[in-house]
Amino acid sequence: MKKHAALLAIVALASTPVLAAQQGGFVDPSQPAASAQKGGFSGPSGSVVTVKQAQDMKDDSWVILRGNIVERVGEDDYTFRDATGSLKVEIDNKHWNGQNVAPGEKVEIQGELDKDFNNVEMDVKQVRKIQ
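All of the points below concern the structure found in this document. Predicted, not measured: the structure shown is a model, and the values here were computed from it. (Residues numbered from 1 in each chain as written. Predicted model: local features only at pLDDT ≥ 70, side-chain atom pairs only at ≥ 80, totals over all residues. Heavy atoms only, no water.)

Here Phe80 is to be found in strand β4 (residues 77-82). Note on Phe80: relative accessible area 0%, which makes it buried. Distance in space between the C-alpha atoms of Phe80 and Val51 is 8.7 Å, their sequence separation being 29 residues. When residues no more than four places from it in sequence are discounted, the contact partners of Phe80 are Val51, Leu65, Arg66, Gly67, Asn68, Ile69, Gly85, Ser86, Leu87, Val89, Val107 and Ile109. (Helix = DSSP H or I, 4+ residues; strand = E, 2+ residues; numbered from the N terminus. Buried < 20%, exposed > 50% of the residue type's maximum accessible area, 1.4 Å probe, protein only. Contact = heavy atoms within 4.5 Å.)

Now for the side chain of His95. Topologically, His95 is positioned in the loop between β5 (85-91) and β6 (100-101). Overall, the relative accessible area of 5% leaves His95 in the buried class. For His95, the side chain forms a polar contact with the main-chain oxygen of Lys125, separated by 3.1 Å. (Polar contact = N/O pair within 3.5 Å; in protein donor to acceptor, adjacent residues only side chain to side chain.)

In this section: the nonpolar core. With 21 residues, the main nonpolar core has Leu65, Ile69, Val89, Ile109 and Met122 as its most contacted residues. Elements supplying a minimum of two residues to this core: α2 (51-55), β3 (62-72), β4, β5, β7 (106-115) and β8 (120-129). Tallying contributions element by element places β8 first for this core, with four residues. Excluding its chain neighbours within four sequence positions, the residues that come into contact with Ile69 are Phe26, Tyr78, Thr79, Phe80, Ile91, Trp96, Ala102, Pro103, Val107 and Ile109. (Core = buried A, V, L, I, M, F, W, Y, C linked by side-chain atoms within 4.5 Å.)

Right, let's talk about unusual backbone geometry for a bit. One non-glycine residue, Asp60, lies in the positive phi region at around 70°. For Asp60, the location among the structural elements is in the loop between α2 and β3.

It is worth spelling out the environment of Ile109 at this point. The topology assignment puts Ile109 in strand β7. Of the residues examined, Ile109 reaches a relative accessible area of 0% and is grouped as buried. For the pair formed by Ile109 and Trp96, sequence separation is 13 residues and the distance between their alpha carbons is 9.8 Å. If we skip the residues at most four places from it in the chain, Ile109 touches Val63, Ile64, Leu65, Ile69, Phe80, Val89, Met122, Val124, Gln126 and Val127.

This is the structure we're talking about:
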């Protein structure tokens, strides 16, 4: 019986996913270094649009925006800006994909639009630095 319990414990430990801590997130030059954050998500693709175009799209549309994350405005909330305007985006720690992003670095963000009566936000599922 002890052999079975030991074998079961080994199998349970071997099948538990290993959580590798990756560093990543928004780098605010006016704030001290942030704590470790996990990254990584690869999800559905959408159309590459501008902020102005995204504001006219339907709720729950999947889009890709290219521009800059310019500031942190809440725990997971940021301001994203491109040449056509700015948009509030929500980026969970797990979606930074292990990257650190400063305001001057161009990024491509992918996610779902969340529209209310007169408010448009984006729930970001992937962040990727671009050149």
